[in-house]
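Fold and geometry: a report
Listed below are the residues making up each chain.
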Amino acid sequence: MRLTIRRRAGRRAALLAVGAMTASLLLTAPQQATAGPPNLLSNPGFETAGAAGSDMPSCWSKSGWGDNDFTFATVADAHGGTKAMKVSLTRRVDGDRKALVTENSTCAPTVTPGKQYDLSAWYKSNTPDVSVTVFRRDTTAGWQYWTDLQNPPVSAAWARTEVRTPAVPPNTDKIAWGLSVYGVGTLTTDDYALEEVGAVPPQPACSGTAEECAKGKWQVIPAQNPVRSMHAVVLKNGKVLLIAGSGNDIAQFNAGTFTSAVYDPANGSFKTIPTPVDMFCAGHVQLADGRVLVMSGNKGYPSADGKIGYQGLKDSYTFDPVTEKYTRTNDMNGGHWYPSATILGNGDVISFGGLKEDSTGNVTAEKFSAAQNKWLPMNEVNQTWSYWGLYPSMILMQDGRLFYSGSHTFGNGTPGTGASIYDYDANTITDVPGLRNKDERDESASVLLPPAQDQRVLTIGGGNNERNPAANRLTDIIDLKQPSPAYTAGPPIPQGLVDQGQGKRPQTGAEGKMFVSAVLLPDGKVLETGGGLHDRADPVFEASFFDPTTNTYQPGLATDPIPRTYHSASFLMPDGRVMSVGDNPGNGTYNHNVSIYTPPYLFKGARPQITSVIDTQWVYGDTQRITVNRPVAKAELIRPAAVTHSSDPNQRFVDLPMTVDGNNIDLNVTSNPNLAPPGWYMLFAVDANGIPSIATWVHLGGPSALAATQEQPSAHEHAFADKLGPARQNPAQRNSAPVAPSAAGCDRHYGTVNVCVPTRFPAEVQATTKARCDWLASHTYPKRLKVNGSDPLRLDPDRDGYAC
């Protein structure tokens with residue numbers, strides 16, 4: 001499962017294969033930097049010898065890591081002047097070697113946070129395993145790896161590579177860089193340059209009200225969602241699949257009425273889609289070809305007396321965005337109500353957790369083979385026999401391992417530290433420390449922060465559906481690039497207004513939110529919105545931006561006027577806006593209103609445009625050219641949403657380092673499919689003021705790339721998270737894990753099954769009949785709830801068979 005891919009030696013010449021394009025768009029010669037002199041590097045051509053006794057030129061150092069055999073040599077085969085640097089690998093198990101600008105105050109150039117820099121060098125190589133590698137000096141933490149920007153192709157003759165850095169992060173005063181070789185072969189380099197991009201972006205002009213330009217704007221659209229959607233998937237054509245199944249409505253389940261809908265943003269219409277089984281609380285993920293794999297769902301609701309809980313389906317289907325129809329695949333090996341679903345670097349899908357057909361916890365891993373288009377037999381899938389809970393957030397790491405972030409739904413008392421790294425190949429689970437209040441992260445949200453290359457995960461909020469305390473404000477951040485990754489505390493979630501049935505009031509103390517949505521935006525921030533203070537109750541009206549570059553929240557954004565708690569979803573659309581649907585509180589109602597959020601960046605003036613894309617079929621390691629109508633600062637791929645219950649572990653933002661020649665931009669596509677699993681992506685270009693273009697859809701991977709997928713070297717990836725503690729012992733082989741029928745946090749002795757009277761009322765509600773009945777009334781529960789059997793919450797003192 002630790003999968004990487006080697007760029008094909010004859011890298012796709014998408015830039016050259018379009019004769020109909022104008023000659024000005026063709027890459028026929030090395031491009032010139034848009035930034036002029038001065039070159040900020042000392043001794044860029046290796047001409048000045050080092051100090052007496054040194055075997056490296058002045059201001060250059062030998063660098064690298066791992067198990068390999070190598071040589072460094074200053075040679076006369078130069079591009080300019082009389083000297084060049086030759087680095088050879090003759091044996092390689094892992095790691096790389098490179099000549100690196102010396103990391104000291106004299107040699108490493110001074111840079112300015114927020115600025116961008118063009119890096120260039122001349123090179124010759126006989127291996128595709130070469131990378132432009134950059135380090136930065138943090139004024140607090142010191143020197144650290146920053147990023148790999150580009151994979152220059154094999155070249156027997158001197159060729160020039162050039163690439164632009166992202167904006168320099170805060171607290172950075174120096175950078176150092178060089179060309180790394182990480183496969184057996186030889187790399188010769190000369191005439192390095194580092195030049196500051198001098199263009200000053202125009203000041204943004206507010207095109208809305210002052211409040212809209214600062215906070216953004218929400219709008220409730222006239223059309224209503226026709227189905228009680230629990231799941232939302234942005235399709236490769238820009239439409240949105242909304243899956244309801246029975247919609248948490250026992251009457252619909254008994255009638256066999258299962259629904260989905262497709263929303264078309266182009267005309268604001270909804271189309272109801274026939275749905276074969278109850279996909280209520282299924283799992284879903286987008287396959288490499290753009291179909292949506294929908295797994296499991298609801299085989300049966302809990303019994304009226306609460307003796308059996310929800311039951312998972314084995315059934316699995318794909319949804320085709322073109323035909324807008326479901327097609328059945330083979331069955332999974334068992335039922336998985338609330339399963340995880342993570343796409344891997346080779347296009348396969350792995351799934352864990354959920355409830356079986358008998359309501360017990362499913363302990364088997366399931367794997368969907370992309371090549372065979374089917375779920376594999378259990379004996380062909382590595383098994384730890386571990387119970388991962390319901391909707392465990394399993395995020396693909398850059399080396400193919402999976403990070404369980406600690407976010408989940410309806411399941412507490414998680415083992416160990418509450419977060420862990422799962423190595424499929426070794427079949428081991430290793431805990432990582434630092435997640436605070438691990439048993440109050442029910443219905444938290446976790447996202448891989450932008451860019452995916454940084455390998456940092458943010459986990460936000462949560463609660464505990466069993467004890468039902470007020471949701472927390474916790475934010476925890478983990479850097480998976482560290483040798484021994486650990487969560488560290490982030491800033492608390494900003495507070496807003498909460499409605500507990502007596503009107504809105506300001507949140508106080510440690511009150512936060514659960515059922516929160518976290519959406520990656522094209523400007524690199526995370527929109528945090530929606531959520532509630534308690535399990536299926538008490539919506540919180542608050543929204544903020546989390547900025548990964550500063551690890552801070554921007555509070556006080558405009559708030560969605562519609563409550564968004566249980567069974568709600570928020571997600572990015574190709575036009576850069578955010579859509580929000582759903583709300584299904586414990587009283588059994590459902591909100592069909594649809595909200596659209598326009599972020600402040602769309603009120604800053606005209607947006608840049610991607611005026612051409614030479615090729616929309618991309619292969620790993622490619623250089624792909626686009627043209628834009630004016631300068632942009634960055635470009636990225638954002639994987640379209642497939643979200644339910646605050647969970648979308650496949651959401652990711654992949655940076656595309658740029659080589660800039662006026663309005664022609666060459667984008668350097670990652671060679672690692674674990675950073676960007678194969679599939680359809682939204683391509684955004686973003687200017688220096690954070691204003692994004694409308695997205696262009698591109699496909700990454702393709703049959704040729706997937707066929708070439710195999711164990712190959714990739715720069716740096718095995719250096720991350722390589723000093724973990726001991727793995728925990730896996731359980732012995734077993735059929736299931738015990739799970740209480742009340743796992744969903746509802747006492748089934750009252751009302752119909754889609755009405756959730758809490759097993760535990762919030763702490764501020766006194767344990768009396770009157771206080772509990774007053775709470776139910778304030779939250780608009782049905783006035784007469786039938787008592788099913790006994791009355792454990794003492795809601796029927798006159799014993800007429802009805803509560804309150």
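Below or above, wherever it landed, is the structure these notes cover. This is a predicted model, so every value here is computed, not measured.

The helix and strand inventory of the protein chain stands at four helices and 56 strands. With the C-alpha coordinates aligned to their principal axes, the bounding extent of the protein chain is approximately 100 × 60 × 50 Å. Look at the contacts in the protein chain between residues 6 or more apart in sequence, and 65% of them connect residues 24 or more apart. Counting only carbon and sulfur atoms, one obtains 53% of the accessible surface of the protein chain, whose full area is about 27,500 Å².

This brings us to the nonpolar core. Counting residues in hydrophobic clusters, the biggest one holds 53 residues, and the most contacted among them are L521, L527, F571, L572, M579 and Y597. Sequence-distant contacts of L572, defined by excluding residues within four places in its chain, comprise V234, V519, L520, L521, P522, R577, Y601, I638, M682 and F684. In terms of nonpolar packing, the next biggest core, distinct from the first, is built from 36 residues, I421, V432, W618 and V669 among them.

Mapped onto the elements of the fold, S407 is located in the loop between β27 (402–404) and β28 (420–423). Other than its neighbours up to four places away in sequence, S407 contacts Y391, P392, S393, R441, S444, A445, S446 and T459.

Scanning the entire structure with this criterion turns up four disulfides. The partner cysteine of C59 in its disulfide is C107, sulfur to sulfur 2.1 Å. Residues C59 and C107 share a disulfide whose torsion about the S-S bond is about -75°; that sign makes it left-handed. In this pair, C59 sits in the segment before β1 (60–65) while C107 sits in the loop between β4 (96–101) and β5 (117–125), placing the two residues 48 residues apart along the sequence. The class of C107 is buried, set by a relative accessible area of 7%. Residue C773 pairs covalently with C804 via a disulfide, S to S 2.1 Å. Between C773 and C804, the S-S dihedral sits near -85°, and the bridge is therefore left-handed. Highlighted residues: C773 in helix α4 (residues 769–778) and C804 in the segment after β56 (802–803), separated in sequence by 31 residues. Cysteine C281 shares no disulfide, and the gap to the nearest cysteine sulfur, in C746, comes to 11 Å.

A word on the sheet that holds strand β21 (residues 325–328). Read across the open sheet, the four strands follow the order β16-β17-β20-β21; overall the sheet is antiparallel. Edge strands, defined here as strands with exactly one partner in the open sheet, are β16 (283–286) and β21. Shown here is a sheet whose adjacent strand axes are inclined to one another by a mean of 25°, direction ignored. Sheet topology note: the strand β17 (residues 292–295)/strand β20 (residues 316–320) ladder contains four bridges and is antiparallel. The residue of β20 that forms the bridge with M295 is S316.

One pass over the structure, following the stated rule, counts 32 aromatic pairs. Judged by centre distance (4.2 Å) and plane angle (10°), the ring pair of Y310 and W337 falls under stacked. Of this pair, Y310 sits in the loop between β18 (298–300) and β19 (311–312) while W337 sits in the loop between β21 and β22 (342–343), placing them 27 residues apart in sequence. Residue Y310 is classed as buried on the basis of its relative accessible area, which comes to 5%. For W337, a relative accessible area of 2% gives the class buried.

Pairing is antiparallel across the open sheet formed by four strands, whose spatial order is β30-β31-β32-β33. The open sheet has two edge strands, β30 (445–448) and β33 (487–489), and neither has a second partner. Direction aside, neighbouring strands of the sheet carry axes that sit 25° apart on average. With four bridges connecting them, β30 and strand β31 (residues 456–460) associate as antiparallel partners. Bridge pairing in β31 places S446 opposite T459.

Analysis parameters
- Residues numbered from 1 in each chain as written.
- Predicted model: local features only at pLDDT ≥ 70, side-chain atom pairs only at ≥ 80, totals over all residues.
- Heavy atoms only, no water.
- Helix = DSSP H or I, 4+ residues; strand = E, 2+ residues; numbered from the N terminus.
- Contact = heavy atoms within 4.5 Å.
- Areas by Shrake-Rupley, 256 points an atom, 1.4 Å probe, with all protein chains shown as cover.
- Core = buried A, V, L, I, M, F, W, Y, C linked by side-chain atoms within 4.5 Å.
- Buried < 20%, exposed > 50% of the residue type's maximum accessible area, 1.4 Å probe, protein only.
- Disulfide = S-S within 2.5 Å.
- Pairing = 2+ DSSP bridges.
- Axes fitted to C-alpha atoms, helices over the stretch in contact; angles between N-to-C directions.
- Phe/Tyr/Trp six-rings, centres within 6.5 Å; stacked < 30°, edge-to-face > 60°.

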